[in-house]
Amino acid sequence: GSGGGGGGGGGAGAVALSAMAAPPPPPAAPAPLKRQGTWSSMMDEWRTKGAHESATECNAFVLSLVATLPPDARAVPEPTATGKALYDWLTVKVKENMFQRRKKKFPSCEVAVLAVALKHSGLWREARAASEALAGGAAPASVPASPAMVVLWKRVRGVREAIDMAMKKLAHGEMPDDGVDADSGDEDGEGGAAGGAGGGGVTELQAPTRLKDSLLWDLQRSFYDEVAIGAWSEAIVPNFVTTNAFLASAYAKSIMGLIRDLFDSPSAPGDRAKPLYIVEVGAGHGKLGFLICRELLRMREFFPAGHGLEFPFKYVMTDFTAHNVEFWMQHASFAELFEMGVLDCAVWDAEKETSMTLLRSKEVLSADSGLVTNPLVVITNYIFDTLRTDAFRIVDGELQETRIAIDSSSAADAEEPTAPSVIKRMSHRWSYEAVPADADFFGDEDFNYVVRSYAERLENASFMVPVGGLSLIRSLSAMSGGRLLLLTGDKGYVREAELEGHRDPHIAVHGSFSVMVNFHALRLYVERLGGFAMTTPHLDGFKCAHFFLGLPREATMHTRWAFKNNIEEFGPENFSTLQRCIKEECTNPSLKHVLALLRLSRHDSEVFYKFKQVLIDKTMYPYAADNVQRDIREDIAGVEETYYPLQSSKDVCFEIGRLLMGLKDYRGAVGYFERSNELCGQHHVTYHNMGICCYYLDEFETALKCFDASLDLKPDYGEAADWRKKLLAKTQSASSGHAWNSEEDYEDGTDTE
């Protein structure tokens, strides 16, 4: 399947609240707000958990916050005129009239949430332009809205219902059904849990059945097949933790370690006439593959001598849906990699197929093709948590099989129970049935071994078996003659002790859904096949692991050292936590602070975007010393190398252009503004800033065209009009013989929104 959603701590969400029957004991109340008494302060606290997270997590978090507020602090301020205009605009764009049909007072609740969400979602520029157009009398239907804006609004509009339900429960002395874990606020924070169900008002879509046979997995496939690349380009499914440049660098170093283990000496076991194939399963948006390929190419001076090929590797991105593969084939960032022959791709189903055909080279990777003569490197980030999984528990030594029933709050879903839209309305019920430990659960004795191992050793436990993940390892191991290095990152359990006790399986909903991965079960399976595993040592947060099959421990020294040095000692979870805490807890970080973080991130473009304002404000001429400014130019080049255009709302090129304007590198800034228009759409502010750059480059004719283009897009844009007048006055003064110098006339005229 495609790369799935969230990691981090597990928030329990609020899907199908009305369907809750027997909820677990209420969780401890969340920490009180720092500034109680206003809706804006409540939204401030909510924003720190990620205003653009999945709808279920957002709603559940608002519920938990309302529960902590005194009655006199729950008042909602009246909406502003601009806020109402934005609300009406988005209602038209989403073609959703549910609020108007109520004929109640305008729901200012959504406006308050929307304002905060827009400010912190990268869509503020678009919202500002839309509000100005609406204030000027434009009809809502005539003002365009980006797909990302529509998705954001769909998430915000459900808050009122959740608040109303929570208030009713509070009025009766009840707590809201679910809370959100205090640690669930990362960029890839886990979505809300799909609710348990029962009681009236629900329709059963599937009677109790084994988890691995549930229609959940058909829903999962339908979601990724229908939404395709929009799952990430529209920020429905989070992805920062698993696709940042820091993690890509760590994985590339492990791959480089294996290349050295295979090819470093004449006696090394690698086949120098063939490449090392690196297969990324469920590559989704493709960014991780882009970053790893770039990082490996940066290491080319360290490739072993004597290899028969220019590049000792070939990276293969795969996904089960052809939509994503078509997106990669057309993405400009991959053109050079395809041309060099280091990248290929394939439509491949991880759970069903045992061979794959590469679309560009037409090579067939299979057990009998003779192409995979070196061990296969497999990358599965946020994949095992979306593949078919089964679940069991042990109660006083008795093995029990977990059963799941699927319900929906809409009776209409029974007609098409695997439609992706069902996910947001579904709920579920768990039940358990005693089974003999020696039963044939999977039709594979190596898979059965995992269940029997737990049944023999544990007295009381709850555990999941990643059936899809085990099938994937089995297929790819056969393809490579039993020699495989699996690099994986996900949320889950790495030690057997974490499985002790009784708990229902956790299903997190974030557009799609995901489950916890049992890394320990993967280890049992790999060790049964004669392999070994390395996992990150900490129990909290995002986990990374390397699984070795058919590769003796003594023959993988460089690979194992790379894992220990780049993942175990300070790994992706540590980095992700560090950058998040700096963003949330340091109100005024220094320039040196942010530059150090940016360099630690391997110049990740997302990290640059998060801290762009610090860089722009504190690099502005003449505040930074000359040597610092030169270093920053090198840092900008590094950010450009990691930039993978995916979300138009995150206009990295625009922000680099602003930064270069502050450094008075106007020529460089113009280039980035032009790329911003190309990648993220033309914008009046972008043309305005280009005009200022050309003004200081004494390119007055081009500057005038830029200011005119800005005013064409927004005729009442005062900043561009003022600069146009200034330009005309200067050119008229120069033509009359009055000397002037644009450098002496320097001022910071850049616009930021």
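Please read these numbers as outputs of a predicted model, since none were measured by experiment.

(A) Up close: the overall build of the chain. If you tally the helices and strands in the chain, you get 29 helices and 19 strands. The buried share of the chain, reckoned over its 753 residues, is 57%. Counting only contacts in the chain whose residues sit at least 6 apart along the sequence, the fraction spanning at least 24 positions is 77%. Counting every atom, the chain has about 29,600 Å² of accessible surface; 51% of that belongs to carbon and sulfur.

(B) Focus on the pairing of strand β4 (residues 313–319). For β4, the buried fraction is high: seven of the seven residues fall into the buried class. Side-chain alternation along β4 places F313, Y315, M317 and D319 on one buried face and K314, V316 and T318 on a second face that is also buried. Here strand β3 (residues 276–280) runs beside β4; their pairing, made up of five bridges, is parallel. Residue pairing for β4: V279 is matched across the bridge by V316. Handedness of the crossover joining β3 and β4 through helix α13 (residues 287–298) is recorded here as right-handed. Pairing of β4 with strand β5 (residues 343–347), which is carried by five bridges, proceeds in the parallel orientation. What sits directly across from V316, in β5, is D344.

(C) Representation of the environment of D712 within the structure. Structurally, D712 is set in helix α28 (residues 700–713). Owing to a relative accessible area of 64%, D712 belongs among the exposed residues under this scheme. C-alpha separation for the pair D712 and H684, spaced 28 residues apart in sequence, amounts to 8.0 Å.

(D) Representation of a negative patch on the surface. Residues D225, E226, E415 and E416 make up a contiguous surface patch of negative charge. Within the secondary structure, E416 sits in the loop between β10 (398–408) and β11 (426–434). Relative accessible area serves as the criterion here: at 53%, E416 is assigned to the exposed category.

(E) Spatial organisation of the confidence of the model for the chain. Summary statistics for the chain give a mean pLDDT of 79 and a share of 73% for residues scoring 70 or more. Scored below 50 in pLDDT, residues 95–108 shows 29 contacts in the model against residues more than four places distant or in partner chains. Here residues 164–193 is a poorly scored stretch, pLDDT under 50, and it has 111 contacts once near neighbours within four places are set aside; other chains count.

(F) Inspection of the sheet that holds strand β8 (residues 376–381) at higher detail. The seven strands are arranged β5-β4-β3-β8-β13-β19-β18 in an open sheet whose pairing can be described as mixed. Pairing within the sheet leaves two strands with one partner each, and these edge strands are β5 and β18 (532–535). Taking the axes of each pair of neighbouring strands and ignoring which way they run, one obtains an average angle of 20 degrees across the sheet. For β18 and strand β19 (residues 543–549), the ladder comprises four bridges, and the chain directions are antiparallel. Within β19, the position partnered with M534 by the bridge is H546. Its contacts with the sheet put helix α18 (residues 519–528) on β13 (484–490), β18 and β19, and the angle it makes with β19 is roughly 10 degrees. Those strands touched by helix α19 (residues 557–568) are β13, β18 and β19, and its axis lies near 175 degrees from that of β19.

(G) Highlighting the pattern of salt bridges. Summed over the entire model, instances satisfying the criterion amount to 29 salt bridges. Here R260 ties to D264 by a salt bridge, and the two come within 3.0 Å at their closest N and O atoms. Overall, the relative accessible area of 37% leaves D264 in the partly exposed class. K314 serves as the salt-bridge partner of E363, at 3.4 Å between the closest nitrogen and oxygen. With a gap of 49 residues between them, E363 in the loop between β6 (356–357) and β7 (364–365) and K314 in strand β4 connect regions that are remote in the sequence. Judged by its relative accessible area of 10%, K314 is buried.

(H) Main features of the packing of aromatic side chains. Per the counting criterion, the structure on display carries 25 aromatic pairs. Ring centres of F290 and Y644 lie 5.4 Å apart, and the angle between their planes is 40 degrees; this geometry places the pair in the tilted category. Taken together, the residues F290 in helix α13 and Y644 in the loop between α24 (626–642) and α25 (652–662) connect sequence positions 354 residues apart. Both rings, one in Y666 and one in Y696, keep their centres 5.2 Å apart while their planes meet at 25 degrees; by these two values the pair is stacked. In this pair, Y666 sits in helix α26 (residues 666–680) while Y696 sits in helix α27 (residues 684–696), placing the two residues 30 residues apart along the sequence. Taken as a pair, Y666 and Y696 share a single burial class, namely buried. Connected via pairs of aromatic rings, a cluster forms that spans F392, F441, F442, F447, Y454, F463 and Y525. For the cation-ring pair, K583 lies above F611, with the distance from its terminal atom to the ring centre recorded as 5.5 Å.

(I) Highlighting a nonpolar patch on the surface. Judged by side-chain polarity, M329, V347 and L359 come together as a nonpolar surface patch covering roughly 200 Å² of accessible area. Among the secondary structure elements, V347 is positioned in strand β5.

(J) Quick look at empty space enclosed by the protein. Evaluation of the coordinates by the stated rule reveals seven cavities of 30 Å³ or more. Estimated volume of the largest cavity: approximately 140 Å³. As for the largest cavity, its lining consists of 15 residues, of which S462, F463, M464, R503 and P505 are closest to the centre. Those elements that place two or more of their residues in the lining of the largest cavity are β9 (390–395) and β12 (461–465). Residues that form the lining of the largest cavity fall into these classes: nine nonpolar, three polar and three charged.

(K) Fine view of the packing of α24 against α25. Relative to each other, α24 and α25 sit at 170 degrees, their axes nearing to 12 Å. Relative to α25, α24 is oriented roughly antiparallel. Contacts between α24 and α25 involve I632, I636 and V639 on the former and, on the latter, V652, I656, L659 and L660. Of the residues belonging to the contact of α24 with α25, the class tally is seven nonpolar, no polar and no charged.

(L) Layout of the packing of helix α21 (residues 591–600) against α24. Relative orientation of the contacting elements α21 and α24 amounts to 35 degrees, with a least axis distance of 11 Å. Considering how the two elements wind past one another, α21 and α24 form a crossing that is left-handed. Across from L591, L595, L598 and R599 in α21, the residues of α24 making contact are V628, D631, I632, D635 and V639. The class makeup of the residues in the contact of α21 with α24 is six nonpolar, no polar and three charged.

What counts and what doesn't
- Residues numbered from 1 in each chain as written.
- Predicted model: local features only at pLDDT ≥ 70, side-chain atom pairs only at ≥ 80, totals over all residues.
- Heavy atoms only, no water.
- Helix = DSSP H or I, 4+ residues; strand = E, 2+ residues; numbered from the N terminus.
- Buried < 20%, exposed > 50% of the residue type's maximum accessible area, 1.4 Å probe, protein only.
- Contact = heavy atoms within 4.5 Å.
- Areas by Shrake-Rupley, 256 points an atom, 1.4 Å probe, with all protein chains shown as cover.
- Pairing = 2+ DSSP bridges.
- Right-handed = clockwise from strand over helix to strand, strands pointing away.
- Patch = residues over 30% accessible without salt bridge, like charges linked within 9 Å, V, L, I, M, F, W, Y side chains within 5 Å.
- Salt bridge = Lys/Arg side-chain N within 4 Å of Asp/Glu carboxyl O.
- Lys, Arg positive; Asp, Glu negative; His and termini not counted.
- Charge placed at Lys NZ, Arg CZ, Asp CG, Glu CD.
- pLDDT = per-residue confidence, 0-100.
- Axes fitted to C-alpha atoms, helices over the stretch in contact; angles between N-to-C directions.
- Phe/Tyr/Trp six-rings, centres within 6.5 Å; stacked < 30°, edge-to-face > 60°.
- Lys NZ or Arg CZ within 6 Å of the ring centre and 35° of its normal.
- 1 Å grid on protein atoms, 1.4 Å probe; cavity = no way out; pocket = protein on both sides within 12 Å on 5 of 7 lines; lining within 4 Å.
- Points joined across faces, edges and corners; volume = space filled by probe spheres on them.
- Nonpolar A, V, L, I, M, F, W, Y, C, P; charged D, E, K, R; others polar.
- Parallel < 35°, antiparallel > 145°, perpendicular 65-115°, else oblique.
- Left-handed = near helix turned anticlockwise from the far one by under 90°.

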